[in-house]
Amino acid sequence: MSFWIVNTLNGLSLAMVLFVLSAGLTLVFGLMQIINMAHGSFYLLGGYIALSVIQASGSFIAGLVTACVAVMLLGAGIQRLMLQRLHKQELPQSLLTLGLLFIIADVAFWLWGGNAQLVPKPAMLEGAMTILGVGYPVYRVAIIGMGLFVAVLLWLLLERTRVGALVRAGMDDEEMVRAMGINIPLIFTGMFAFGAGLAALGGVLGGPLLGMFPGADFEVALLAFVVVTVGGLGSVRGAFLGSLLVGLVDNFGAAWFPQFSLFTVIVPMVIVLAIRPTGLAGRA
Amino acid sequence: MSLAPGAPAAGVEGCVPEALRVDDLHAYYGESFVLQGVTLSVKAGSIGVVLGRNGVGKTTLMRSIMGLTPSRRGMVVISGRDVSTWAAHQRWVTGLALVPQGRRIFPSLTVREHLEIGLRAPRGQREAHWSVEAVFDTFPRLRERAGNRAATLSGGERQMLAVGRALCANPDLLLMDEPTEGLSPFIVDELTRLIATLKGQGVSILLVEQNLDFALGVADWVHVMEKGRIVHQCAPLALLADEAVKRRYLGL
C-alpha cells in the first residue's frame, strides 16, 4: 500500500513541476506558433538563479522572485530583439531557440559549474509529514499545492480577465485582434515573458527535487514536449492532463521498469496520439 | 452630387468632409498584383458600396484600408489623416472598425467576450450609441447566447456577432465585407434597417457586396471594381438602369 501512496504522490509532485513548466510552453506555442527549444533553458536558469540568490540571502522567496523576474526579462528581450523578426516563420524560430539552448547551457556551465546542485528548500517546508500512515516530505506536498494554485490562477487569468480573452482571441485569429485595435506584438512579448517566467518557476519549485545540472534543461524540456504533445498544443487544460499522465507514468515506470525509463513515457504519448492526433484537449 | 476621384481633402470650401479617401492604392497578395491603383472616397455620413465580380480585389481593398494587407503605393486617408504607413491597431484609433469577410469570430470566446473586447468609447463629441446592451437590443438572439462560446453559434448568429463586435467600437467609419453572405432574407432585411440606423447616427460605411439588391438599397454611391481598379462610379439608381455596366462588370 505504501508503494502506491508514495509513488502516486511522487508522480503528482513531478506532474505539478511539469505542469508549471509546460503551461508556458503550450501558451507560447498556442499564441505565436513558436516551438521554443530553449524553454528548458529558462527552467535551468530559474533554478540556478534561485540557487545563487538563496545561498546569498538565505531566503527562498527572494530566490523565487528574483529568478522569475530575471528570466521574464530575458524572455522579453529574446522575443523583442530576435523572435519578433521571425514572426510566423516556424523553422527559423525553432532553430534560433535551439541555438539559444546551447548558448544558455554553456553560460550556465561557465557560471555554475558541472556538478549537480540541489536548490535549498524553504526552511518551513523541511521535514516529513504523515499521509495515510506513510511518512512523506512536506516540500513535495507543498509543490502539489503550488501546482494546483498555479493551475487555478492560470485558469482565472485566461478565462476571467480581459487580457486572457485577448490572448485566446489572438490564438484563434491574430489578424482580427489587430483589426480591433490591439497592439498584438505587445501581447506576444508579454506572453513570451510570462511563459519564460513560468518555466523559471518550474525550475525553482523543481530544483530542490530534481536538482540543477548541465543537461537538466534538455531532460525537462523533453518531458515538457511530451506533456504538451499528449495534452494538445495550445491548451492549458491539456498541459494539466498531460502533466498528470507523464508525471505518474514516469514514476511508476521508473519503479517497475527502471531500465526503460524514457520508453515508459513515450509509449503513452504514442497511444494517445494514435487515438487523438490533436492530443487530449487539443485545439482542432 | 460631385464625387470626383481625388477630390480635395476634409472640408475644403464647405464640401462635405471625406471619411475615407483612397488614392492610387497598389497592393499585392503573394505574387499576384491585386490592387492596381484604386481611387475612391466616402463622404462623411454616407454609404459607399464597392461592387464587382469575385477576385477583382474587393477584399484586398478592405484589408488594405484596415492596414492588414500592406500597400506598395498610394494613400489611405481617414478623416483627413494620412494613415498609409500605420499598422492596423493604430488605424483603429481613427474610428475604424471592420466586419471582415467570412465573419472571423473567435471560436474560443463567448459571445459577450467578443463584444467586451471590442468596446471603445466614441471619439470626440460623438454620442456613445453602442454598448454590449445596445448590441443585444439590436440582436436579441445574441443576448440569449451571451455566455456561449462562439464555436457553437450558427452561421447567421456568427454574422450578427461579427457586426455587433464592430458596432461595439462605436465606429466613425465602418468597413463591411460581404455582410449578407449566407444570410437568410429575413436577416438581410434586419441588416438593411441597421445600416439605416447607423447612417442616422452619422457613421460612414464602405460596403463590399455581391447581393446587388441589398447593396443598391443602402448605397449613396456605387463604385464598380474590375481587375484591381475602380472602373465606374455612379449613383445606385443610375447603375440599376445601366445594363451595359451591369453586364460588363457584374456579369448580370
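Structure shown above.
Residues numbered from 1 in each chain as written. Chains lettered and ligands numbered in written order. Predicted model: local features only at pLDDT ≥ 70, side-chain atom pairs only at ≥ 80, totals over all residues. Heavy atoms only, no water.

A few words now on the nonpolar core. Buried together is how nonpolar side chains tend to be arranged in soluble globular proteins. In this structure, B:L20, B:L40, B:L61, B:L174 and B:L239 are the most contacted members of the largest nonpolar core, which totals 159 residues. Ranked by the residues each element gives to this core, the list is headed by helix α1 (residues 2-32) of chain A, at 13 residues. Judged by nonpolar contacts, the second largest core, of 10 residues, contains A:V226, A:V246, A:M269 and A:V272. (Core = buried A, V, L, I, M, F, W, Y, C linked by side-chain atoms within 4.5 Å. Buried < 20%, exposed > 50% of the residue type's maximum accessible area, 1.4 Å probe, protein only. Helix = DSSP H or I, 4+ residues; strand = E, 2+ residues; numbered from the N terminus.)

To continue, consider the packing of aromatic side chains. Under the counting rule described, the total for this entry stands at 11 aromatic pairs over all chains. Taken together, a centroid distance of 5.1 Å and an interplanar angle of 85 degrees make the contact between A:F19 and A:F240 edge-to-face. Of this pair, A:F19 sits in helix α1 while A:F240 sits in helix α10 (residues 236-256), and the two are 221 residues apart along the sequence. Three or more aromatic residues joined by ring pairs make a cluster, and in this case those are A:F3, A:W4, A:F252 and A:W256. Geometry around B:W92 places B:R120 over its ring, the cationic atom sitting 4.1 Å from the centre. Cation over ring: B:R165 sits above B:F106, and NZ or CZ is 5.0 Å from the ring centre. (Phe/Tyr/Trp six-rings, centres within 6.5 Å; stacked < 30°, edge-to-face > 60°. Lys NZ or Arg CZ within 6 Å of the ring centre and 35° of its normal.)

Taken together, the contacts link 20 residues of chain B with 18 residues of chain A. Buried area between chain B and chain A, both sides added, is near 1,800 Å², and the carbon and sulfur share of it is 57%. Three residues, B:H89, B:F106 and B:I117, lead the burial of chain B against chain A; their summed loss comes to 35% of the area buried on that side. Along the contact surface separating chain B from chain A lie five salt bridges. With a closest N to O distance of 2.6 Å, A:D173 and B:R104 form a salt bridge. Between chain B and chain A we count eight residue pairs in polar contact (both at pLDDT 80 or more) in total. Broken down by secondary-structure element, the contributors of at least two residues to the side of chain B that touches chain A are α1 (58-66), α2 (88-92) and α3 (111-118) of chain B. Looking at which element gives the most residues to the side of chain B that touches chain A, the answer is α3(B), with five residues. Tallied by class, the residues present in the side of chain B that touches chain A amount to 10 nonpolar, four polar and six charged. (Contact = heavy atoms within 4.5 Å. Buried area = accessible area lost by both parts, 1.4 Å probe. Salt bridge = Lys/Arg side-chain N within 4 Å of Asp/Glu carboxyl O. Polar contact = N/O pair within 3.5 Å; in protein donor to acceptor, adjacent residues only side chain to side chain. Nonpolar A, V, L, I, M, F, W, Y, C, P; charged D, E, K, R; others polar.)

On to the environment of A:L201, then. Mapped onto the elements of the fold, A:L201 is located in helix α8 (residues 184-210). As for A:L201 and A:T264, which are separated by 63 residues in sequence, their C-alpha atoms are 26 Å apart.

This paragraph deals with the sheet that holds strand β4 (residues 71-78) of chain B. Residue and element names in this part refer to chain B. Within the open sheet, the four strands sit side by side as β2-β1-β4-β5. Their pairing is antiparallel. The open sheet has two edge strands, β2 (32-43) and β5 (81-82), and neither has a second partner. Pairing geometry for β4 and β5, over two bridges, is antiparallel. Paired with I78 across the strands is R81, a residue of β5. (Pairing = 2+ DSSP bridges.)

All names here are of chain B. Where α3 meets helix α6 (residues 155-167), the closest approach of the two axes is 7 Å, and the angle between their N-to-C directions is 25 degrees. The angle between α3 and α6 places the two elements in the roughly parallel class. Judged by the twist between their axes, the crossing of α3 over α6 is right-handed. Facing α3, whose interface residues are V111, H114, L115 and G118, α6 presents L161, G164 and R165. Considering only residue class, the contact of α3 with α6 consists of three nonpolar, three polar and one charged. (Axes fitted to C-alpha atoms, helices over the stretch in contact; angles between N-to-C directions. Parallel < 35°, antiparallel > 145°, perpendicular 65-115°, else oblique. Left-handed = near helix turned anticlockwise from the far one by under 90°.)

Below, the discussion takes up a nonpolar patch on the surface. Residue and element names in this part refer to chain A. On the surface, a nonpolar cluster with roughly 940 Å² of combined accessible area is contributed by F3, W4, W256, F257, F260, F263, V267, I271 and I275. Looking at the nonpolar patch, the elements that each hand over two or more residues are α1 and α11 (263-275). Looking at the nonpolar patch, the element that brings in the most residues is α11, giving four residues. Along the chain, the position of W4 falls in helix α1. (Patch = residues over 30% accessible without salt bridge, like charges linked within 9 Å, V, L, I, M, F, W, Y side chains within 5 Å. Areas by Shrake-Rupley, 256 points an atom, 1.4 Å probe, with all protein chains shown as cover.)

By themselves, these are just geometric observations and shouldn't be taken as functional.
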